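# Geometric and topological summary
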Amino acid sequence: CKQAGIRVIMITGDAKQTAEAIARDVHIFTDQDHVPAFEGREFFALPESQQLEVLKTGNLVICRAEPADKQRLVKMLQSLNEIPAMTG
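My aim in this report is to walk through the structure given alongside it, one point at a time. (Residues numbered from 1 in each chain as written. Predicted model: local features only at pLDDT ≥ 70, side-chain atom pairs only at ≥ 80, totals over all residues. Heavy atoms only, no water.)

### A look at the pairing of strand β3 (residues 60-63)
Our working definition: Each residue is assigned to one of three classes by its accessible area relative to the maximum for its type, calculated with a 1.4 Å probe on protein chains only: buried under 20%, partly exposed between the two thresholds, exposed over 50%. Helical segments are the DSSP runs of H or I of at least four residues, strand segments are the runs of E of at least two, and each set is numbered from the N terminus. Strands were regarded as paired on the criterion that DSSP finds at least two bridges between them.
A two-sided burial pattern is seen for β3, the buried positions comprising Leu60 and Ile62 on one face and Val61 and Cys63 on the other. Summarising the sheet, strand β1 (residues 9-11) and β3 pair through three bridges and their orientation is parallel. Residue pairing across strands places Met10 opposite Val61, the latter belonging to β3. Sheet topology note: the strand β2 (residues 37-39)/β3 ladder contains three bridges and is parallel. Each bridged residue has a counterpart across the sheet, and for Phe38 the counterpart in β3 is Ile62.

### Description of the side chain of Gln51
Applicable threshold: Contacts are residue-level and defined by heavy atoms, with any inter-residue pair within 4.5 Å sufficient.
Mapped onto the fold, Gln51 is located in helix α3 (residues 48-55). Its relative accessible area of 3% is what places Gln51 among the buried residues. For Gln51, the residues in contact, after removing those within four places along its chain, are Phe43, Phe44, Leu46 and Met76.

### Some remarks on the pattern of salt bridges
We apply this condition: A pairing counts as a salt bridge when a side-chain nitrogen of Lys or Arg comes within 4 Å of a carboxyl oxygen of Asp or Glu.
Per the stated rule, a full pass over the model turns up four salt bridges. The salt bridge partner of Arg7 is Glu82, with a shortest N-O separation of 3.4 Å. Of this pair, Arg7 sits in the segment before β1 while Glu82 sits in the segment after α4 (67-79), and the two are 75 residues apart along the sequence. For Glu82, a relative accessible area of 33% corresponds to the partly exposed category. For Lys56, the salt bridge goes to Glu53, with nearest N and O atoms at 3.1 Å.

### With respect to α3
The condition is simple: As used here, the arc belongs to the directions running from the helix axis to the C-beta atoms.
Within the sequence span of α3, burial applies to Gln51, Leu52, Val54 and Leu55. Across the axial projection of α3, the buried residues extend over an arc of 160 degrees, all falling on one side. Of the surrounding elements, those touching the buried residues of α3 are β1, β2, α2 (40-45), β3 and α4.

Right, dumping it as structure tokens:
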């Protein structure tokens with residue numbers, strides 16, 4: 001993905017530690033990488049300008065997310081002229 005210029009944002013209902021471990025297991029992050037992981041409520045408690053800045057960075061994990069959070073994140077990414085795709 002990285003070589004193709006694709007960033008991965010994993011959105012899950014899992015607990016933070018579980019989500020971080022899965023992200024490493026599937027190589028979204030290496031063992032050496034700091035995993036930028038936010039719980040859904042933590043992320044959406046940030047000011048919107050800061051949320052958008054976080055979404056502009058590399059790979060990201062958002063855990064303990066609600067179904068509505070996914071729609072909200074897709075709309076935010078589209079507002080940044082990103083082309084989001086979702087599976088699962």
